[in-house]
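# Residue-level structural notes
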Amino acid sequence: MPILDDIISDDIPLGFSFRFGNTNFSSLRVMSNGRIQFNNNITCGYGSPVTQLPYPDTGLNYSMRIYGNDLDPTLKSEVSGYSTSCTNRTSCYVSYASTGSTPDRQFVVTWYHVPEWTSTNSASGAYDLQLILQENGEFIYQFGSSVRGPAAALAQIGWEVSTSDYAVSAIGFPTDNSAFKFYIPGSTTTVPGAFNAFDSSTAAAANTGYIKTKVAGSSFTLDIVATNSAGTTRTTGFTGGVAIELVDARSGSCGTYPTIGNAAIANFTAADAGRKAVAFSESNAWQNVRVRVKYPFFSPSVIACSSDNFAIRPYELIAVASDSNWTTAGTSRTLNMATTSATPTHKAGRPFTIRATAQNAVGALTTGYNGTPGAGTISCLLPTTACVVGTFSAGAFSNSAGVATSVTASYSDVGAISSSLSDANFAAVDTTDGSTLAERTVSSTIFTIGRFVPDHFDAALNTPIFSPGCSSFTYMGQPTKYVTQPVANVTAKNAAAATTVNYTGSLWKISPSDASYGIMPSYSEASQPLSVLNNSVPIATDNGNGSGSLSFADTASNILAVTRGNPIAPFNAEIAMSFTLQDTDAVQVANVNGVTGGNPVKFGAASAGNGIGFSGGNKTQRWGRLVLSNAYGSELNVLPMPLFSEYFNGSAFVGNAADNCTGLSLSSQIRLGNSATAGGVQKTGNTAMTIPPAGSSAASLAHTPLLSGQAGLSFSAPGAGNTGSIDVSGSFNSLPWLLFDWDHNGVHDNSPTAKATFGIYKGSSQQIYLRELY
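As the structure is a computational prediction, the values presented were derived from the model and not from experiment.

## Digging into the nonpolar core
Formed by 43 residues in total, the largest nonpolar core has its most connected members in Phe-457, Phe-466, Ile-510, Tyr-523, Leu-550, Phe-579 and Leu-581. Apart from the residues lying within four places of it in its own chain, the contact partners of Leu-550 are Pro-486, Val-487, Ala-488, Val-490, Ile-510, Pro-512, Ile-519, Pro-538, Ile-539, Ala-540, Phe-579 and Leu-581. By size, the runner-up hydrophobic cluster in this structure holds 36 residues, among which are Met-64, Trp-111, Leu-129 and Phe-180.

What follows is the structure in structure tokens.
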């Protein structure tokens with residue numbers, strides 16, 4: 001056999017007689033360049049046979065050319081410095097063998113991993129070829145998996161009996177793992193006029209039938225029948241090979257339909273009686289397919305297509321929901337979460353993306369799928385109980401290279417759902433051929449979509465009311481309570497402003513005490529600082545239907561006081577309370593009392609006339625104090641001592657006749673003392689004080705609470721001859737809004753003091769001038 005470049009072998013016996021043309025041969029020669037030659041022909045040639053000895057050539061009569069490239073089986077070791085993949089005779093060779101027994105003997109010539117000559121110093125590629133002569137006069141060219149060299153597209157494939165009887169069947173290396181079979185056609189009486197194809201389950205005597213929907217990537221079998229030109233009668237005597245193609249029948253005619261994939265070769269034998277089963281497998285999806293049959297394989301005289309067209313649908317759709325962010329469609333984040341705290345989240349009613357990737361039975365993308373799937377039944381995954389299923393729309397799909405994409409999908413409620421996608425229209429061509437709906441439909445498995453959260457909250461606020469500290473006014477520094485506490489009614493909404501009724505239970509995410517997303521009230525006043533006494537988080541109530549409430553403080557607790565500094569004129573308190581309404585998913589408020597508005601949410605406004613109201617409209621704040629004045633009188637009479645409230649009117653302190661609320665207690669807020677009682681140790685205001693030599697005096701309060709600002713403090717008469725005094729001190733620390741800077745140290749933290757004197761001259765009048773008119 002040839003072991004070097006451009007070499008032809010000795011004459012090799014076949015082992016049987018092979019008829020080629022009209023001559024029987026019993027031997028042949030093998031030429032390294034992909035050729036065999038009969039009739040002891042020793043034409044060799046060199047270089048590429050395409051340029052040196054193309055068909056037809058008188059020197060190549062009675063030859064077969066499996067692949068006419070400049071194949072070079074020279075070993076690397078045989079030529080110094082030669083670059084070739086042919087390194088030993090177990091991995092690179094030309095061989096022959098005679099096999100089988102009469103009448104089915106074969107002569108086989110093999111080129112195994114033989115490269116092509118490319119230059120003086122190198123060869124490249126690796127070709128696997130096999131030429132098979134069959135005792136019945138047929139021959140086969142087989143092409144294995146090969147590495148193509150630079151001249152792969154130029155070489156001829158064919159045969160020549162003479163320069164007038166030859167064929168160039170193909171040019172260029174064909175598809176790997178394909179073959180050409182050359183056969184002897186039957187007589188004209190058995191040549192069919194047409195062919196048809198249908199499912200193998202079609203009745204045995206039928207010449208027409210249907211082809212139901214097939215699945216990409218799955219093998220299927222169709223029966224090919226040879227018939228007369230009218231397609232009515234089976235050509236049972238037909239034998240020979242036909243080329244069978246799947247074709248795209250969406251437009252054109254049988255002869256012009258584009259081929260799908262590679263042609264198959266089917267060899268009808270007498271036993272087939274004109275009907276032969278052929279196996280197919282197509283990896284891609286096609287919407288409208290027919291089977292085209294050509295006879296003979298080369299230069300066909302009969303070309304016919306199946307009477308029925310059919311679809312090859314994808315095996316399945318792989319469905320995924322995703323978004324760019326929680327309000328926008330995209331593919332950055334996968335939305336497949338179905339637990340109460342899982343992220344990412346998407347806002348209810350906002351668009352997101354669904355992609356349906358069409359795949360064949362082995363998981364490869366089917367780029368030929370151009371359908372538009374629809375959504376199947378949805379199921380609620382979250383909440384796990386008492387779920388009210390919202391409205392799911394898969395949106396409008398567009399398709400590119402087997403991937404259907406919708407960027408307008410939406411779901412109306414919170415939680416998570418599952419659904420599937422399906423498309424029964426892609427295979428609509430098979431609607432009337434007996435294909436069931438299930439056979440025609442490509443579907444996805446059930447996939448998870450979620451988690452969804454509200455788009456926003458709507459808040460409806462009540463009208464809270466403060467209680468004045470003193471009926472018609474409040475002292476600055478005096479605590480204020482609510483008569484009506486603030487309540488915010490909260491409703492979770494989707495992007496279309498519909499209530500998301502599943503926002504309840506484990507999906508109710510408003511948590512006022514959360515470290516990151518808690519709700520803390522904040523108070524402010526138009527012009528003065530506030531001392532907040534109760535800023536506890538609100539009580540959140542879940543109504544169980546997508547709504548709830550936030551209740552702030554109560555009506556029993558002191559809430560705040562206007563911070564008391566130096567005396568200022570009376571003013572109306574304009575107090576606002578605000579808070580940030582959000583949940584632990586960071587969903588926030590968008591509408592307050594029916595008006596577009598975000599955080600902070602405000603009860604009232606810290607501006608003139610807009611603050612939270614006070615009952616009776618009494619917003620006035622007064623800077624006040626309690627005053628004690630010295631008292632002098634006879635020991636025979638009750639001695640009144642002035643104890644009254646005042647407020648600063650902007651220029652001076654004046655009596656506060658509106659104070660009917662300040663309550664005083666002798667036992668806890670008045671201290672008495674003199675040297676005659678308890679060694680001078682101060683006693684509580686309800687202690688009888690000794691007035692020497694033998695009398696006593698007890699204090700009393702006529703008005704508690706004050707009446708028009710007056711306490712009505714007095715001391716009982718100690719009796720004749722009993723004279724002396726009592727030091728009186730206020731202990732009003734429990735009323736810090738009525739303390740004053742009596743010690744002139746700049747801090748308003750003192751209670752007043754005075755002296756009650758019995759039977760002792762009071763001293764010079766404080767009057768500078770007195771004139772009486774009669």
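## Some words on a nonpolar patch on the surface
Residues Ile-3, Leu-4 and Ile-7 make up a contiguous nonpolar surface patch of about 220 Å² in total accessible area. Structurally, Ile-7 is set in the segment before β1 (12–20). Overall, Ile-7 belongs to the partly exposed group, its relative accessible area being 32%.

## Quick notes on the pattern of salt bridges
Summed over all chains, the structure comprises 17 salt bridges. We note a salt bridge from Asp-223 to Arg-275, for which the minimum N-O separation is 2.6 Å. With Asp-223 in strand β14 (residues 220–227) and Arg-275 in strand β17 (residues 275–280), this residue pair connects regions lying 52 residues apart in the sequence. This pair shows no difference in class: Asp-223 is buried, exactly as Arg-275 is. The closest approach of N and O atoms between Arg-250 and Asp-248, which form a salt bridge, is 2.7 Å. Among the charged side chains, a salt-bridge network with shared partners connects Glu-245, Arg-292 and Lys-294.

## Digging into the environment of Pro-296
Inspection of the secondary structure puts Pro-296 in the loop between β18 (286–295) and β19 (302–305). For Pro-296, a relative accessible area of 22% puts it in the partly exposed group. Setting aside anything within four residues of it in sequence, one finds Pro-296 in contact with Tyr-183, Gly-241 and Ser-301.

## Regarding the sheet that holds strand β39 (residues 522–525)
An order of β39-β45-β48 is seen for the three strands of this open sheet, with the pairing classed as antiparallel. The sheet terminates laterally at β39 and β48 (601–603), the two strands that pair on one side only. Each strand of the sheet is rotated relative to its neighbour by a mean of 30°, with strand direction disregarded. As paired elements, β39 and strand β45 (residues 575–579) share four bridges and run antiparallel to each other. Residue Ser-524 lies in a different strand from β45, and its bridge partner there is Ala-576.

## Regarding the state of the cysteines
Considering all chains together, one arrives at four disulfides under this definition. One disulfide bridge connects Cys-254 with Cys-305, the sulfur atoms lying 2.1 Å from each other. Here the S-S torsion is close to 95°, and the disulfide linking Cys-254 with Cys-305 is therefore right-handed. Of the two residues, Cys-254 sits in the loop between β15 (240–248) and β16 (259–268) while Cys-305 sits in strand β19, which places them 51 residues apart along the sequence. Just as Cys-254 is buried, Cys-305 falls in that class too. Residue Cys-380 pairs covalently with Cys-387 via a disulfide, S to S 1.9 Å.

## Structural notes on the side chain of Ser-729
Along the polypeptide, Ser-729 turns up in strand β62 (residues 724–730). Overall, the relative accessible area of 14% leaves Ser-729 in the buried class. Side-chain polar atoms of Ser-729 contact the side chain of Gln-682, separated by 3.2 Å. Look past the residues within four positions of Ser-729 in its chain and what remains in contact with it is Leu-628, Gln-669, Ile-670, Arg-671, Gln-682, Pro-752 and Thr-753.

## Digging into unusual backbone geometry
Leave glycine aside and you will find that most residues have negative phi; peptide bonds, for their part, are mostly trans. Following Tyr-55, the chain continues into Pro-56 via a peptide bond in cis, with omega recorded as -5°. Tracing the backbone shows Pro-56 in the loop between α1 (49–52) and β4 (63–65). Cis geometry marks the peptide bond from Tyr-295 to Pro-296; its omega dihedral reads -15°. The residue Ala-386 is not glycine, and still its phi comes out positive at about 55°. Along the chain, the position of Ala-386 falls in the loop between β26 (379–382) and β27 (392–393).

## Notes on the packing of aromatic side chains
Taken as a whole and judged by the stated rule, the model has 39 aromatic pairs. With 5.8 Å between their ring centres and 45° between their planes, Phe-139 and Tyr-141 make a pair best called tilted. A relative accessible area of 0% means that Tyr-141 is categorised as buried. Centre to centre, the rings of Phe-238 and Tyr-295 are 5.0 Å apart; their planes meet at 90°, and the pair counts as edge-to-face. On the criterion of sequence distance, the pair formed by Phe-238 in the loop between β14 and β15 and Tyr-295 in strand β18 is long-range, its members being 57 residues apart. Here Phe-238 falls in the buried class, since its relative accessible area comes to 0%. Judged by relative accessible area, Tyr-295 falls into the buried class, the value being 3%. Joined through ring pairs, the aromatic side chains of Phe-18, Phe-20, Phe-25, Phe-38, Tyr-62, Phe-139, Tyr-141, Trp-159 and Phe-182 make up one cluster.

Thresholds, definitions, all that
All residue numbers refer to position in the chain's written sequence, counted from 1. Local features in this predicted model are restricted to residues of pLDDT 70 or higher, and side-chain atom pairs are both shown and tallied only at a pLDDT of 80 or more, whereas totals for entire chains, interfaces and linings draw on every residue. Hydrogen atoms and water are omitted, and side-chain values are computed over all heavy atoms in the structure. The criterion is simple. A nonpolar core is a set of buried Ala, Val, Leu, Ile, Met, Phe, Trp, Tyr and Cys residues joined through side-chain atoms within 4.5 Å. Note on classification: 1.4 Å probe, protein chains only; a residue is buried when its accessible area is under 20% of the maximum for its type, exposed when over 50%, partly exposed between these limits. The contact criterion used is simple: two residues touch if any of their non-hydrogen atoms lie within 4.5 Å. To count toward a patch, a residue needs a relative accessible area over 30% and no salt bridge; like charges are then connected within 9 Å, while nonpolar side chains (Val, Leu, Ile, Met, Phe, Trp, Tyr) are connected within 5 Å. The method behind every accessible area is Shrake-Rupley, applied with a 1.4 Å probe, and residues are considered shielded solely by the protein chains displayed. Salt bridge criterion: a side-chain nitrogen from Lys or Arg within 4 Å of a carboxyl oxygen from Asp or Glu. Here a helix means four or more residues in a row that DSSP labels H or I, a strand means two or more in a row labelled E, and each is numbered from the N terminus. DSSP-based pairing: two strands are paired if at least 2 bridges between them are found. Simply put, an axis is a line fit to the C-alpha atoms, just over the touching stretch for a helix, and the angle between two N-to-C directions goes from 0 to 180 degrees. Pairs of cysteine sulfur atoms within 2.5 Å are what we label disulfides. Two N or O atoms count as a polar contact when they lie within 3.5 Å, although within protein this holds only if one can serve as hydrogen donor and the other as acceptor, and sequence-adjacent residues are included solely when both atoms are side-chain atoms. Pairing of aromatic side chains requires ring centres within 6.5 Å, counting the rings of Phe and Tyr and the six-membered ring of Trp. Pairs whose planes differ by under 30 degrees are stacked, by over 60 edge-to-face, and all others tilted.

All we've got here are geometric facts, nothing functional implied.
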